[in-house]
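Letter by letter, the chains look like this.
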Amino acid sequence: MKVIVCENAAAVGRVSADLVAADIKAKEGKYVLGLATGSTPLPLYGELIARHRAGELCFANVTSFNLDEYYPIAPNHDQSYYYFMWLNLFAHINICLRRTNVLNGLATDPKAECKAYEKRIKAEGGIDLQVLGIGGNGHIAFNEPGSGPKSRTRVVKLDEKTRKDNSRFFNNKIEDVPTHALSMGIGTIFEARKNILLATGGYKGEAIVSSVLEPPTPKVPASLLQDHPDVAFLIDTDCAKAFLAKTNDGKKLPKGVTLEIVQ
Ligand code: F6R
């Protein structure tokens, strides 16, 4: 596992865009990109859009799969993840909309929807690179604490902490935040060939400490990524404070963890 500390959220966006762009360019033919929503990946999406507009990055061969969607929610609801992706990425790049996949928040049979999503990922040859964020409680996608390493795409109940955190997008009304979601599982995420997890701000500092420095446990779902063969955590200096303090500025890192500071 690599931990890459960048100066600020904009730098996390630039460095993660470098990784995504290099990976897309390195693969001939079709490319499968896993996407996340939330505030953290916005600088990354801004960079990808800018590079596309500058003629440096083409998405014509890209198929995408999003991590999760609230349930129930209509795709045209202004807080649906489908709408988020359209607004913040898909409308601005040359990705073919038919090749963008977001779980259907209005599926009449949500279990069948999740099963079909797994099948679609497999049919596309699996995910080449998955972008992840992290919740204050260590969740990845909507795999809340307690989610097992073999979990697959499924209906999940959201933690009260997650609903409270996300109520900022629902006019601070927690009662408007859906109680459930459809989410890729940890097992699904683990099968991506590469994973990059982005975290910015001091609020995520403790979640990063438990995910990187403590033994993997379903209590902190992101910690289960420690066993992944190709995973990088890109964090900004605010988020890195607690981590750097615990590791004595990187001198006492667990085996298998490397630290890079990007100036
Ligand atoms: C969203 C997702 C979530 C978020 C996490 C952090 O698709 O998978 O796990 O990444 O809740 O959200 P932000 O970035 O808003 O702090």
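Only a predicted model underlies this, so the values are computations on that prediction, with no experimental measurement involved.

S.K.: Please explain the overall build of the chain as it appears in this structure.
M.R.: For the chain, the helix and strand inventory stands at eight helices and 11 strands. Here the C-alpha atoms of the chain give a radius of gyration of 17 Å, agreeing with the 18 Å that 2.2 N^0.38 yields for 263 residues. Here the C-alpha coordinates of the chain stretch approximately 50 × 45 × 35 Å along the principal axes. Residues counted as buried form 52% of the 263 residues belonging to the chain. Within the chain, residue pairs in contact and separated by at least 24 positions form 79% of the contacts whose partners lie at least 6 positions apart. Put simply, the chain shows about 11,900 Å² of open surface, and 53% of that area lies on carbon and sulfur atoms. With 32 positive and 29 negative side-chain charges, the chain shows a spacing of 4 Å between the two charge centroids.

S.K.: In this structure, what is going on with the nonpolar core? I would like to understand it.
M.R.: As a rule of thumb, soluble globular proteins bury nonpolar side chains together. In terms of nonpolar packing, the biggest core is built from 70 residues, with Val-20, Tyr-45, Leu-48, Leu-89, Leu-197 and Ile-208 touching the most fellow members. Sort the elements by how many residues they give to this core and helix α1 (residues 9-26) lands first, with seven residues. Leaving out residues up to four positions away in the same chain, Leu-48 has contacts with Ala-17, Val-20, Leu-57, Phe-59 and Leu-89. In this structure, Tyr-70, Ile-73, Phe-142 and Val-156 belong to the second largest nonpolar core, which totals nine residues.

S.K.: What exactly am I supposed to notice about the site of the ligand here?
M.R.: Near the ligand there are 13 residues, and of these Thr-37, Thr-40, Asp-68, His-139 and Lys-204 occur at the shortest range. Measuring from an oxygen atom of the ligand, one finds a side-chain N or O atom of Thr-37 at 2.7 Å. Here the ligand has 410 Å² of accessible area as a free molecule, and 94% of this is covered by the chains. In terms of residue class, the shell around the ligand is built from four nonpolar, six polar and three charged.

S.K.: It is not clear to me how the packing of aromatic side chains should be interpreted in this structure. Could you clarify?
M.R.: Two aromatic rings are characterised by how far apart their centres lie and by the angle between their planes. In total, this model carries five aromatic pairs according to the counting rule given. Measuring from centroid to centroid gives 5.5 Å for Phe-65 and Tyr-117, while their planes differ by 85 degrees, and the two rings are edge-to-face. Note that Phe-65 is positioned in strand β3 (residues 62-66) and Tyr-117 in helix α4 (residues 110-123), a separation of 52 residues in sequence. A residue is classified by how much of its surface remains accessible, and Tyr-117, at 0% relative accessible area, is buried. A ring pair is formed by Tyr-81 and Phe-142, whose centres lie 6.0 Å apart and whose planes are at 15 degrees; its orientation type is stacked. Here the residue Tyr-81 occupies a position in helix α3 (residues 81-88), and Phe-142 occupies one in the loop between β6 (129-132) and β7 (154-157), the gap between them amounting to 61 residues. Given a relative accessible area of 10%, Tyr-81 falls into the buried group. Here a set of aromatic residues connected by ring pairs shows up, and it is made of Tyr-70, Tyr-81, Phe-142 and Phe-170.

S.K.: Teacher, can you tell me more about the packing of helix α2 (residues 42-53) against α3 here?
M.R.: Where α2 meets α3, the axes come as close as 10 Å, and the angle between the chain directions of the two elements is 40 degrees. Between α2 and α3, the angle is such that the two are oblique. Along the contact surface, α2 presents Leu-42, Tyr-45 and Ile-49, while α3 presents Phe-84, Met-85 and Asn-88. Of the residues contributing to the contact of α2 with α3, the split by class is five nonpolar, one polar and no charged.

S.K.: Before we go on, may I ask you to explain the sheet that holds strand β2 (residues 31-35) in this structure?
M.R.: Paired through their backbone hydrogen bonds, the strands of a sheet run either parallel or antiparallel. Strand order in the open sheet formed by eight strands is β5-β3-β2-β6-β9-β10-β1-β11, with parallel pairing between adjacent strands. The open sheet has two free edges, formed respectively by β5 (100-101) and β11 (258-261), since each of these has just one partner strand. In this structure, strand β9 (residues 194-199) lies alongside strand β10 (residues 231-236), joined through five bridges in parallel fashion. Bridge pairing in β10 links Leu-197 to Phe-233. Its contacts with the sheet place α1 against β1 (2-6), β2, β3, β6, β9 and β10, and it is angled at close to 155 degrees to β10. With respect to the sheet, helix α7 (residues 205-213) is in contact with β1, β9 and β10, its orientation differing from that of β10 by roughly 155 degrees.

Calculation notes
- Residues numbered from 1 in each chain as written.
- Predicted model: local features only at pLDDT ≥ 70, side-chain atom pairs only at ≥ 80, totals over all residues.
- Heavy atoms only, no water.
- Helix = DSSP H or I, 4+ residues; strand = E, 2+ residues; numbered from the N terminus.
- Rg over C-alpha atoms; globule rule 2.2 N^0.38 Å.
- Buried < 20%, exposed > 50% of the residue type's maximum accessible area, 1.4 Å probe, protein only.
- Contact = heavy atoms within 4.5 Å.
- Areas by Shrake-Rupley, 256 points an atom, 1.4 Å probe, with all protein chains shown as cover.
- Lys, Arg positive; Asp, Glu negative; His and termini not counted.
- Charge placed at Lys NZ, Arg CZ, Asp CG, Glu CD.
- Core = buried A, V, L, I, M, F, W, Y, C linked by side-chain atoms within 4.5 Å.
- Near = heavy atom within 4 Å.
- Polar contact = N/O pair within 3.5 Å; in protein donor to acceptor, adjacent residues only side chain to side chain.
- Nonpolar A, V, L, I, M, F, W, Y, C, P; charged D, E, K, R; others polar.
- Phe/Tyr/Trp six-rings, centres within 6.5 Å; stacked < 30°, edge-to-face > 60°.
- Axes fitted to C-alpha atoms, helices over the stretch in contact; angles between N-to-C directions.
- Parallel < 35°, antiparallel > 145°, perpendicular 65-115°, else oblique.
- Pairing = 2+ DSSP bridges.

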